[in-house]
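If you want the building blocks of each chain, they are given just below.
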Amino acid sequence: LLIEAINVMASIPEKHFDDISLAYRRLGENYYHLKTYLKAADAFSMAVKFSEKPENCSDLYLMIGESYQKGNAPDMAEEAYRDIIAIGDPFWIKLAEEKIRCMKLEKKLDRA
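Quick caveat, the model's predicted, so the values are computed rather than measured. (Residues numbered from 1 in each chain as written. Predicted model: local features only at pLDDT ≥ 70, side-chain atom pairs only at ≥ 80, totals over all residues. Heavy atoms only, no water.)

**Quick look at the nonpolar core**
Okay, step 1: Within the largest apolar cluster, 29 residues are counted, with the highest numbers of intra-cluster contacts made by Y24, L60, I64 and Y81.
Okay, step 2: Among the secondary structure elements, those contributing two or more residues to this core are α1 (2-11), α2 (17-33), α3 (37-50), α4 (58-70), α5 (74-87) and α6 (90-111).
Okay, step 3: It is α3 that contributes the most residues to this core, seven residues altogether.
Okay, step 4: The residues touching L60, leaving out its near neighbours within four places in the chain, are R25, F44, A47 and V48. (Core = buried A, V, L, I, M, F, W, Y, C linked by side-chain atoms within 4.5 Å. Buried < 20%, exposed > 50% of the residue type's maximum accessible area, 1.4 Å probe, protein only. Helix = DSSP H or I, 4+ residues; strand = E, 2+ residues; numbered from the N terminus. Contact = heavy atoms within 4.5 Å.)

Here you go:
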C-alpha cells in the first residue's frame, strides 16, 4: 500500500516531497522489521532523496547504514556513516564514527 501511495503522490502535479519522503521512511521501516535489509536501505535512500532538507537526514543515513550493515554490505554501510560525518553535526559525527569503529573491530574479530 505504501508503494501505491508513493506512486499516486508522485503522479500528481503538486509537489509532495515531504509526504513522499515520509512514505519511503515508513516503507523502509517495514522492510527493516521484515529483515529485508537491502530493500530497507533503498527505501531510506529514497526518503533522503525526496527530503526537502537532506542536511537534516542524519537519522535516515543512520538507518541506511544499519540496514546495509545487517544486509551484509559493509562498504555501503560505511559510506552511509561517512555521509553522516559529512553533514557536520557533532552528535551524529560521534555516533557514525563509533559505528565505523565497531564495524572495523567486527571485521578484525571475524578474521581471527
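**Looking at unusual backbone geometry**
Okay, step 1: Positive phi is not limited to glycine here, since K35 has a value of about 65 degrees.
Okay, step 2: In this structure, K35 sits in the loop between α2 and α3.
Okay, step 3: One non-glycine residue, N72, lies in positive phi territory at about 60 degrees.
Okay, step 4: Examined against the element boundaries, N72 turns out to sit in the loop between α4 and α5.
Okay, step 5: The exposure class assigned to N72 is exposed, which follows from its relative accessible area of 70%.

**So, the layout of surface pockets**
Okay, step 1: Size it by volume and the largest pocket reaches roughly 280 Å³.
Okay, step 2: Mapped by element, the contributors of at least two residues to the lining of the largest pocket are α4, α5 and α6.
Okay, step 3: Per-element accounting of the lining of the largest pocket gives the leading share, six residues, to α6.
Okay, step 4: Taken together, the residues of the lining of the largest pocket sort by class into five nonpolar, two polar and six charged. (1 Å grid on protein atoms, 1.4 Å probe; cavity = no way out; pocket = protein on both sides within 12 Å on 5 of 7 lines; lining within 4 Å. Points joined across faces, edges and corners; volume = space filled by probe spheres on them. Nonpolar A, V, L, I, M, F, W, Y, C, P; charged D, E, K, R; others polar.)

**Quick word on the packing of aromatic side chains**
Okay, step 1: Enumeration over the complete set of coordinates arrives at four aromatic pairs.
Okay, step 2: Taking 5.8 Å as the distance between ring centres and 15 degrees as the angle between the ring planes, the aromatic pair formed by Y24 and F50 counts as stacked. Taken together, the residues Y24 in helix α2 and F50 in helix α3 connect sequence positions 26 residues apart.
Okay, step 3: In this structure Y24 comes out as buried when scored by relative accessible area, which is 15%.
Okay, step 4: Seen from their ring centres, Y32 and Y37 are 5.2 Å apart, and the 75 degrees between their planes marks the pair as edge-to-face.
Okay, step 5: Here the aromatic cluster, defined as three or more aromatic residues joined through ring pairs, consists of F17, Y24 and F50. (Phe/Tyr/Trp six-rings, centres within 6.5 Å; stacked < 30°, edge-to-face > 60°.)

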